[in-house]
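Spelled out, the chains give:
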Amino acid sequence: MLTIKNLHATVDGQEILKGLDLEVPEGEVHAIMGPNGSGKSTLAHVLAGRPGYTVTAGSVHFKGRDLLALSPEERAREGVFLGFQYPVEIPGVNNVYLLKAAVNAARTHHGQPEVDAFEFLTLVREKMRLMRMDDSMLSRGVNEGFSGGEKKRNEILQMLVLEPSLAVLDETDSGLDIDALKIVAHGVNTLRAPNRSQLLVTHYQRLLEHIVPDRVHVLVKGRIVRSGDRTLALELEQRGYDWLIGEAA
Amino acid sequence: MNAAVLNRLKEEFGAVRAALPEHVIGAERRGQALEALCAQGLPVTRDENWRYTDLRSLEQARFAPAQTQPAVLPSLPATPEGFVRYVFLDGRLHSQAGAPHGVAVRTAHSEQAGAAPWRLETRLPEARLALLNETFATEAVSIEVAPDTQAAGIELLFVASAAAAEGASYPRVRLALGTGARMSLIERHLGRAEAHSLVNSAVQVELAAHAALTHYRVQQLGAQAAWFDTLSANLAAEARYDLLAVGAGALSARSTVHARLSGRGAAMSLSAAALADGQQSLDLYALSEHIAPHTRTAQTFRGIASNRARAAFNGKVIVRESARGTDSRQSLRGLLDGAQCEIDLRPQLEIYTDEVRCSHGATAGKLDENMLFYLLSRGIAPEVAQHLLKWAFLEDVIAKIAPSDLRRQIETTLVGQMRELDTLKELL
């Protein structure tokens, strides 16, 4: 699904990713953990194609295609989804309009007809119940006046409606209380499928109690310094990151 | 330049003077108005409060009123539900409905001989172009709402059809609400798409105690037209005036709004949206004058300028010594969409008393990169994302338009102006 080789990337002229290698096979959920400033969010934004994040070396292939050659909107239409750490408020653009425009952009891209408005609303309502979101959020501006938890749930709602092949969730667990965390985790788990992959960027092990990853990778100073199964996350919880930072140096 | 134009103005007046309808405005008063205008001179961009106005169209204009055209109207939008419509073509009454219950509507045709002609407030130098209206007006509509009447809405549709070379048009309106009366007014300025029309409108609003008026002003003249407009309003005690102005048309447009809050507890909101593209110049000067205690005003402006266009809002709030307990807010925002466009926001406050609460915020900038990327990351095309965000920017004002069919018509106009009808049609 996703193959990253020797990825180097800079932000404001400063190198953040320094030769990152990562392979996420189809159907798997991988977690990227690491201390603050290790490059986790940079990786997420590079994958989504955010302007200002410059790839200076290396390659990223998604379903065998060169992902870096695609514009941000093409990546989305091809099935890459970024769940934002800080979802943006866009007053005046309503939620359901954005959802529908996003779904139709992908469908048109794949030569499919646009969704039927009624069926679409039914589908969205069903997913909203799953995320325990109130119907009134549909007609509000995108994330407008939402609490931190509501914004994160809205990200997952978008993901559930868009059904991406690869979801990159950037610290989706940050700022969530335990109940919201469970709802978000439940949403993520329902999307697990043999033809989908997920990359969870997280600071803490807490999320991984609810979403069990197939692999855990530790990112330190722009490189993956260790990979393992879910027990690695538990070990990090016990020992912190210092021992790995020492090893990386 | 100014002297030459004034001379031409006098010559034109001399030539048509005898033909101007005496019962709309007497010849003597017309002459006085012209003298007062000549004494002040036409505005020039050196004048502080005219510096953002494109005044060039005044140089070539023919000021005498256009002759009534053969009545071929451009297609008109449907009348919003709950409103009765009056149509004026090049400043002259073209068609009218029956006045709503409790409302007296007088036009040049219905004016009783000897009825007292009303005067526009023209003392302010920013209001001087109302003197031009007073000199040449061929029609005047006066709307009076009886006290304690909840009146049905009235829509005044001013259609500009003549080219400026054939003469100008002078919409002239007085609206007076009696004590406790309430109504909604739509005032729309439309034009033939290609006409180089010159429109000079003058509107006077008088609200008695406890009266409430919601006034929708929509300027969607043709792309080559010039619009110079003066609105003055006086609010008595506890009167409420909600003015919503949307400017999208004309090559150059300048509107002067002067509101006097002269009665205790009077309140006014001005919400304005401007969408300027190409070489357009849209300028709004708004003066809120707090005279009585405990008066409230709120000015909201959202302007977008694209390509080489300019959108300007010059909002001045004066709090007189007598206006203790004033509450005034200004929220002015401009969006720059291109390297050569211009946004001018000028909040001004003059306070001559204590115990007031005045706040203002003015920001101008480009589209928010974070919002843009968020939309792209959901697969939205960059052009569509930009248009969506521009749309959203104006929504602060547009969403306040209560009659849903009017709002829809305005949204369609704005979307059409953004040249993105297909991609944004689902918003409508």
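### Quick notes on the overall build of chain B
Then comes step 1: Along chain B, the regular secondary structure elements total eight helices and 19 strands.
Then comes step 2: Radius of gyration (C-alpha) of chain B: 21 Å, near the 22 Å computed for a compact globule of 428 residues.
Then comes step 3: By its C-alpha atoms, chain B is 70 × 50 × 45 Å across when sized along the principal axes.
Then comes step 4: A separation threshold of at least 6 residues defines the contact pool for chain B, and within that pool the share at least 24 residues apart is 83%.
Then comes step 5: As displayed, chain B has an accessible area near 16,200 Å², and 49% of this comes from carbon and sulfur atoms.
Then comes step 6: Here chain B contributes 44 positive and 47 negative side-chain charges, whose respective centroids are spaced 2 Å apart.

### Considerations on the packing of aromatic side chains
All names here are of chain B.
Then comes step 1: In the structure shown here, the tally under the stated rule is six aromatic pairs over all chains.
Then comes step 2: Relative to F136, the ring of F13 lies with its centre 5.9 Å away and its plane at 80°, an arrangement referred to as edge-to-face. Of the two residues, F13 is situated in helix α1 (residues 2–16) and F136 in helix α4 (residues 129–136); the sequence distance between them amounts to 123 residues. Here F13 and F136 have matching classes, each one buried.
Then comes step 3: Stacked on the ring of W50, the Lys or Arg R254 has its end atom at 3.8 Å from the ring centre.

### Quick notes on the confidence of the model for chain B
Then comes step 1: Summary statistics for chain B give a mean pLDDT of 90 and a share of 94% for residues scoring 70 or more.
Then comes step 2: The ipTM, which scores confidence in the relative placement of chains, is 0.96 for this predicted complex, and the corresponding pTM is 0.85.

### Notes on the packing of helix α4 (residues 117–130) of chain A against helix α5 (residues 148–162) of chain A
Residue and element names in this part refer to chain A.
Then comes step 1: At a closest axis distance of 10 Å, the pairing of α4 and α5 adopts a crossing angle of 135°. Classified by the interaxial angle, the pair formed by α4 and α5 is oblique. Taken as a pair, α4 and α5 cross one another with a handedness that is right-handed. Taken together, the residues of α5 that come into contact with α4 (itself represented by F120, L123, V124, K127, M128 and L130) are L157, L160 and V161.
Then comes step 2: Looking at the contact of α4 with α5 residue by residue, the class counts come to eight nonpolar, no polar and one charged.

### Some words on the sheet that holds strand β6 (residues 172–177) of chain B
All names here are of chain B.
Then comes step 1: The mixed open sheet is built from nine strands, whose spatial order is β3-β4-β6-β8-β10-β12-β14-β16-β18. One side of each edge strand has no neighbouring strand; the edge strands of this open sheet are β3 (103–106) and β18 (342–351). Averaged over all adjacent pairs, the angle separating strand axes in this sheet is 10°, with direction ignored.
Then comes step 2: Pairing of strand β10 (residues 226–235) with strand β12 (residues 252–261), which is carried by 10 bridges, proceeds in the parallel orientation. Bridge pairing in β12 links N234 to R260.

### Concerning the environment of I90 of chain A
Then comes step 1: With respect to the secondary-structure elements, I90 of chain A resides in strand β7 (residues 90–94).
Then comes step 2: A C-alpha to C-alpha distance of 29 Å links I90 of chain A and A31 of chain A, two positions 59 residues apart in sequence.
Then comes step 3: Look past the residues within four positions of I90 of chain A in its chain and what remains in contact with it is G141 and V142 of chain A together with M371, Y374, L375 and L389 of chain B.

### Section: the nonpolar core
Then comes step 1: Membership of the largest hydrophobic core comes to 67 residues, with the highest contact counts inside it found for I4, L47 and I90 of chain A.
Then comes step 2: Of all the elements, helix α6 (residues 382–398) of chain B adds the most residues to this core, at nine residues.
Then comes step 3: Both domains that furnish three or more residues to this core are identified here as domain 1 (2–261) and domain 2 (368–428) of chain B.
Then comes step 4: When residues no more than four places from it in sequence are discounted, the contact partners of I4 of chain A are L20, D21, L22, L43, L47, S59 and V60 of chain A.

### Observations concerning the packing of helix α3 (residues 95–109) of chain A against α4 of chain A
Residue and element names in this part refer to chain A.
Then comes step 1: It is at 11 Å that the axes of α3 and α4 come closest, and there the two elements cross at 115°. In terms of axis orientation, α3 runs roughly perpendicular to α4. By crossing handedness, the relation of α3 to α4 is classed as right-handed. Judged by residue contacts, V96, L99, K100 and V103 of α3 engage A117, F120, L121 and V124 from α4.
Then comes step 2: Considered class by class, the residues forming the contact of α3 with α4 number seven nonpolar, no polar and one charged.

### Here's the deal with the domain arrangement of chain B
Residue and element names in this part refer to chain B.
Then comes step 1: The domain boundaries assigned to chain B delineate domain 1 (2–261) and domain 2 (368–428).
Then comes step 2: Contact residues are listed per partner, giving 14 residues for domain 1 and 13 residues for domain 2.
Then comes step 3: In this structure, the connection of domain 1 to domain 2 is made through zero salt bridges.
Then comes step 4: Inspection of the region where domain 1 meets domain 2 yields five residue pairs in polar contact (both at pLDDT 80 or more).
Then comes step 5: Breaking the side of domain 1 that touches domain 2 down by element, the ones donating at least two residues are β7 (182–191), β9 (212–220) and β11 (240–247).
Then comes step 6: Here the side of domain 1 that touches domain 2 takes three residues from β9, the largest share from any one element.
Then comes step 7: When grouped by side-chain class, the residues that make up the side of domain 1 that touches domain 2 number 10 nonpolar, two polar and two charged.

### Side note on the interface of chain B and chain A
Then comes step 1: Tallying the contact residues gives 21 residues for chain B and 32 residues for chain A.
Then comes step 2: In this assembly, chain B packs against chain A so that about 2,100 Å² is buried in total across both faces, 67% of it on carbon and sulfur atoms.
Then comes step 3: The interface formed by chain B and chain A contains one salt bridge.
Then comes step 4: Of the charged contacts, one joins R378 of chain B and E155 of chain A as a salt bridge, the two residues approaching to 2.8 Å between their closest N and O atoms.
Then comes step 5: Seen at the junction of chain B and chain A, the total is eight residue pairs in polar contact (both at pLDDT 80 or more).
Then comes step 6: For the side of chain B that touches chain A, the secondary-structure elements that each account for two or more residues are α5 (369–376), α6 and α8 (421–424) of chain B.
Then comes step 7: Considering only residue class, the side of chain B that touches chain A consists of 14 nonpolar, four polar and three charged.

### Quick look at the pairing of β12 of chain B
Side-chain positions along a regular strand alternate between the two faces of the sheet.
Residues and elements named next belong to chain B.
Then comes step 1: Here β12 lies mainly inside the structure; nine of its 10 residues are buried.
Then comes step 2: With 10 bridges joining them, β12 and strand β14 (residues 281–290) adopt parallel strand pairing. The residue of β14 that forms the bridge with R260 is E289.

### Brief notes about α5 of chain A
Given 3.6 residues to a turn, an α-helix orients residues that are three or four positions apart in the same direction.
All names here are of chain A.
Then comes step 1: With 15 residues, α5 extends 21 Å from end C-alpha to end C-alpha; this agrees with the ideal 21 Å at 1.5 Å per step.
Then comes step 2: Most of α5 sits out of view: 12 of its 15 residues are buried.
Then comes step 3: Among the residues of α5, those classed as buried are G149, K151, K152, R153, N154, E155, I156, L157, Q158, M159, L160 and V161.
Then comes step 4: With its phi angle positive at about 45°, E163 sits one or two positions after the end of α5.

### Looking at the pattern of salt bridges
Residue and element names in this part refer to chain B.
Then comes step 1: Taken as a whole and judged by the stated rule, the model has 31 salt bridges over all chains.
Then comes step 2: The shortest N-O distance in the salt bridge between E134 and R29 comes to 3.5 Å. On the criterion of sequence distance, the pair formed by E134 in helix α4 and R29 in helix α2 (residues 27–40) is long-range, its members being 105 residues apart. Considered together, E134 and R29 belong to a single accessibility category, that of buried residues.
Then comes step 3: Here E144 ties to R174 by a salt bridge, and the two come within 2.8 Å at their closest N and O atoms. Taken together, the residues span a long stretch of sequence, with E144 in strand β4 (residues 141–145) and R174 in strand β6 at a distance of 30 residues.
Then comes step 4: Relative accessible area serves as the criterion here: at 29%, E144 is assigned to the partly exposed category.
Then comes step 5: Look at the salt bridges and you will find they share partners, linking R106, E144, R174 and E206 into a network.

Here is what the cut-offs are and how they apply
- Residues numbered from 1 in each chain as written.
- Chains lettered and ligands numbered in written order.
- Predicted model: local features only at pLDDT ≥ 70, side-chain atom pairs only at ≥ 80, totals over all residues.
- Heavy atoms only, no water.
- Helix = DSSP H or I, 4+ residues; strand = E, 2+ residues; numbered from the N terminus.
- Rg over C-alpha atoms; globule rule 2.2 N^0.38 Å.
- Contact = heavy atoms within 4.5 Å.
- Areas by Shrake-Rupley, 256 points an atom, 1.4 Å probe, with all protein chains shown as cover.
- Lys, Arg positive; Asp, Glu negative; His and termini not counted.
- Charge placed at Lys NZ, Arg CZ, Asp CG, Glu CD.
- Phe/Tyr/Trp six-rings, centres within 6.5 Å; stacked < 30°, edge-to-face > 60°.
- Buried < 20%, exposed > 50% of the residue type's maximum accessible area, 1.4 Å probe, protein only.
- Lys NZ or Arg CZ within 6 Å of the ring centre and 35° of its normal.
- pLDDT = per-residue confidence, 0-100.
- Axes fitted to C-alpha atoms, helices over the stretch in contact; angles between N-to-C directions.
- Parallel < 35°, antiparallel > 145°, perpendicular 65-115°, else oblique.
- Left-handed = near helix turned anticlockwise from the far one by under 90°.
- Nonpolar A, V, L, I, M, F, W, Y, C, P; charged D, E, K, R; others polar.
- Pairing = 2+ DSSP bridges.
- Core = buried A, V, L, I, M, F, W, Y, C linked by side-chain atoms within 4.5 Å.
- Domains from an automatic or database assignment.
- Salt bridge = Lys/Arg side-chain N within 4 Å of Asp/Glu carboxyl O.
- Polar contact = N/O pair within 3.5 Å; in protein donor to acceptor, adjacent residues only side chain to side chain.
- Buried area = accessible area lost by both parts, 1.4 Å probe.
- Expected span 1.5 Å × (residues − 1).

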